[in-house]
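Structural overview
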Amino acid sequence: MRSFIALEIPENVQRDVYLLKENIPSDSARIKWVKKENIHLTLLFLGEIVEDALPQIKESISTVAGKHNSFSMSLQNIGVFPNFRRPRVIWVGVSPESKDSIVNIEGDLANALTFLRLDTRKGFTPHITFGRIKSVYNSTSLKMSIESISFNTELFPVKEITLFKSVLKPDGAVYTPISKFPLQPIN
């Protein structure tokens, strides 16, 4: 089963992120846009896991969630990975005040799930992928359009971590929540 751990994004924020694509001219690049309902913030990509590992994975995520408080997050800025010379991913970033909470949760998850021998990312940068660049037709136009976008959302609450199953289909991936793990409420 292909799976990942993520923070879900409220529907209205998913819509705002999804609509950002309207600001990027289609003649600048061939881009596969993430479906609105699939917009999320990945904490850890688990890849293919065996069903037998699910109980231990769930227990590990639950333990990590229990050590972290709920927090508020907002999204801001847009960019590309790895850079504008070879852009592959278009992303939206998180505000500096929510970054530490996300990085700490990701680090604790990576440590708790070492038994999966994941290829964990060095220098995790919290972000939301909303487009994958397949080919660039006009790099100047692409760069200018992305750099001209000003994007900020209101704060929204993050109260849980979600374990998702990902099924790849011809018309795109389908993400299904397997389990949700509540963070500690703020008193």
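Sequence positions are assigned chain by chain, starting from 1 and proceeding in written order. Local features in this predicted model are restricted to residues whose pLDDT is 70 or higher, and side-chain atom pairs enter the listing and the counts only when it is 80 or higher, whereas totals over whole chains, interfaces and linings include all residues. The side-chain values count all of the structure's non-hydrogen atoms but skip hydrogen atoms and water molecules.

A word on the environment of Leu116
Basically, it comes down to this: Counting from the N terminus, the helices are the DSSP runs of H or I reaching at least four residues and the strands are the DSSP runs of E reaching at least two. Contacts: residue pairs with any heavy atoms within 4.5 Å of one another.
Along the polypeptide, Leu116 turns up in the loop between α3 (96–112) and β7 (127–136). Taking C-alpha positions, Leu116 is 35 Å from Lys21, a pair spaced 95 residues apart along the chain. Sequence-distant contacts of Leu116, defined by excluding residues within four places in its chain, comprise Leu46 and Ile57.

A look at helix α4 (residues 139–147)
Cut-off, in case you're wondering: Per-residue accessibility, obtained with a 1.4 Å probe over protein chains only, is compared with the maximum for each type, and a residue is labelled buried under 20%, exposed over 50%, and partly exposed between these values. Arc, as used here, means the arc of the directions from the helix axis to the C-beta atoms.
If you check which residues of α4 are buried, you get Leu142, Ser145 and Ile146. Angular distribution of buried residues about the axis of α4 spans 95°; they occupy a single face of the element. For α4, the exposed residues set more than 90 degrees away from the buried face come down to Thr140, Met144 and Glu147. Residues of α4 that are buried make contact with β2 (29–33), β5 (75–81), β6 (89–94) and β7.

A word on the sheet that holds β6
Short version of the rule: Here, any two strands with at least 2 DSSP bridges between them count as paired. Note on geometry: axes are lines fitted to C-alpha atoms, helical ones only across the stretch in contact, with angles between N-to-C directions running from 0 to 180 degrees.
The four strands are arranged β2-β7-β6-β5 in an open sheet whose pairing can be described as antiparallel. Strand pairing shows two members of the sheet lacking a second neighbour, β2 and β5, which therefore form its edges. With strand direction ignored, the average angle separating the axes of adjacent strands in the sheet is 30°. Here β6 runs beside β7; their pairing, made up of five bridges, is antiparallel. Looking across to β7, one finds that Val89 is bridged to Arg132.

As for the pairing of strand β9 (residues 160–169)
Note that strand β1 (residues 2–8) and β9 share four bridges and pair antiparallel. Of the residues in β9, the one forming a bridge with Ile5 is Leu163. Sheet topology note: the β9/strand β10 (residues 172–182) ladder contains 10 bridges and is antiparallel. Paired with Ser166 across the two strands is Tyr175, which belongs to β10. Between β9 and β10, which pair antiparallel one after the other, the connecting turn spans two residues.

Here's the deal with unusual backbone geometry
The omega torsion across Phe81 and Pro82 is -10°, close enough to zero to call that bond cis. In this structure, Pro82 sits in the loop between β5 and β6. In this model, Asn77 sits at a positive phi of 70°, which is unusual for a non-glycine residue. Relative to the helices and strands, Asn77 is located in strand β5. A residue is classified by how much of its surface remains accessible, and Asn77, at 45% relative accessible area, is partly exposed.

Side note on the sheet that holds β10
The four strands are arranged β3-β1-β9-β10 in an open sheet whose pairing can be described as antiparallel. A single partner strand is all that each edge strand has here, and the edge strands are β3 (40–48) and β10. For this sheet, the mean inter-axis angle between neighbouring strands, taken without regard to orientation, is 25°. The sheet strands contacting helix α2 (residues 54–66) are β1, β3, β9 and β10, and the helix crosses β10 at an angle near 60°.

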